[in-house]
Amino acid sequence: MWLPILGLILGVSLGFLSDIQIPQEYGNYLSIAVLAALDTLLGGIRAHLQRVYDDQVFITGFFFNILLAAGLAFLGVHLGVDLYLAAIFAFGVRLFQNLAVIRRVLLTKWSEYRKVSTTNTSK
Amino acid sequence: MKRKWMFTFILLIVGFMVAVQYNTVQQPEERDTRDLWAIRNELAKERKLHSELLTEVRELDKTIGKYNASEGASAGKALADTVHDLYGQAGMIDQTGAGIVIDVVPSEESIAFGTPLHEVSPELLTRFVNEVNRFKGIDMEIDGKRVTGLSAIRDINGETTVNGLAVSLPPFQIKILSADMESSEKLYNFLQSSSILDDFYLDDFVLEVGQPQSEVTINGRIDKFENHFLKELPKGG
């Protein structure tokens, strides 16, 4: 549990300390890549909780989604259609769905745990 | 275990991306596009400010010196002097010194064509005041009305007013006091070549800028200050 959080903290501090800034015109791509990454991450957590997690699906999904989203945005810029909005919409919806599923699973687990503990104490 | 490492790695990447994005959004790189001369100009401006501040400090030091020197009986006189100085600075008392007198008269063309005489518009007067205020340390009077930092030049019911008092139809006089004869000369030369003369001409007026004189007297403001914020301390407080 703590190791992934440590990784997150490490990544954030690495980003802040290196003080890297990307040019304004590529900001769109990065923001959409961040969204894709968050979506995949939450998807992975959900799969883990539902016990259907697969390493390969997770890792390929992560990179593929990021590349696809950035590519879509790139294509959109060249076609003059705001295609990145489609990606934002898709990822945004999925993000919330994943969050909802995670919340439900955690709630079920918690209520089961409480039921068990109350039956234990009543005995 | 492997899964944990994988999550760690992915979170590391996510964290890094978020931090970079945050950096990019928070500090859009502002390019300094000034060239050498623009920077020199700015430097000159700051230098000028520096020298002005130094002058002010020197004057305040002099006042402090005066207070210290005049302990006891004459302390009251020093205070009265300061009050008098402050009144002078605020434009409340009449002042005499080197300066120039400008006559605002209708242009000959407008008289020849019989154009009806009209008032100098507040916009034109404000423009003139702004133009003259490029010079520091001047005191000005427009048609007998003292112009200070608190003066409003505006239109009240169709009349051009300064400090709420109507400015008469041209011809009238504008008097400008400078610190010394030399500054008056400079102001005279500046006004002679200024485009403000053209602006007045477009409105059918001519500014007749008089030669610098060593003694010009301008009136103080007649209306009192409205003081909303400063209050007198109770005695001994």
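Given the structure is predicted, the values throughout are model-derived calculations rather than measurements.

Calculation rules
Residues numbered from 1 in each chain as written. Chains lettered and ligands numbered in written order. Predicted model: local features only at pLDDT ≥ 70, side-chain atom pairs only at ≥ 80, totals over all residues. UniProt positions renumbered as here; feature names shortened; annotations may be inferred. Helix = DSSP H or I, 4+ residues; strand = E, 2+ residues; numbered from the N terminus. Expected span 1.5 Å × (residues − 1). Buried ≥ 20, exposed ≤ 12 C-beta atoms within 10 Å, placed from the backbone. Contact = placed C-beta atoms within 7 Å. Nonpolar A, V, L, I, M, F, W, Y, C, P; charged D, E, K, R; others polar. Pairing = 2+ DSSP bridges.

## Observations regarding the UniProt feature "transmembrane region" (unreviewed entry) in chain A
Residues and elements named next belong to chain A. As recorded in UniProt, the sites labelled "transmembrane region" (unreviewed entry) are residues 28-45, 57-77 and 83-106. For residues 28-45, the helix share is 100%, the strand share is 0%, and the end-to-end C-alpha distance is 26 Å. Across residues 83-106 one finds 100% helix and 0% strand; the C-alpha atoms that close the span lie 35 Å apart.

## Re helix H3 (residues 75-90) of chain B
Taking 1.5 Å per residue as the helical rise, H3 of chain B with its 16 residues ought to reach 22 Å, and the 22 Å between its terminal C-alpha atoms agrees with that figure. Phi for glycine 91 of chain B, located one or two positions after H3 of chain B, is positive at around 80°.

## Re helix H1 (residues 2-26) of chain B
An ideal rise of 1.5 Å per residue puts 36 Å on 25 residues; H1 of chain B measures up with 36 Å between its terminal C-alpha atoms. Those residues of H1 of chain B lying buried are Phe7, Ile10, Leu11, Leu12, Ile13, Val14, Gly15, Phe16, Met17, Val18, Ala19 and Val20 of chain B. Residues of H1 of chain B that are buried in the fold lie against helix H1 (2-18), helix H2 (27-49) and helix H3 (55-79) of chain A.

## Here's the deal with the interface of chain B and chain A
Tallying the contact residues gives 24 residues for chain B and 30 residues for chain A. For the side of chain B that touches chain A, the residue count by class is 14 nonpolar, six polar and four charged.

## A word on the pairing of strand S2 (residues 139-142) of chain B
Residues and elements named next belong to chain B. Judged by which residues are buried, S2 turns out to be covered on both faces: Asp139 and Glu141 on one side and Met140 and Ile142 on the other are all buried. As paired strands, S2 and strand S7 (residues 172-177) are joined by four bridges and run antiparallel to one another. Looking across to S7, one finds that isoleucine 142 is bridged to isoleucine 174. Bridging between S2 and strand S3 (residues 145-147) involves three bridges; their strand directions are antiparallel. By the bridge assignment, isoleucine 142 is partnered in S3 with lysine 145. Hairpin geometry of S2 and S3 is characterised by an intervening segment of two residues between the two adjacent antiparallel strands and by a positive phi of about 50° at aspartate 143.

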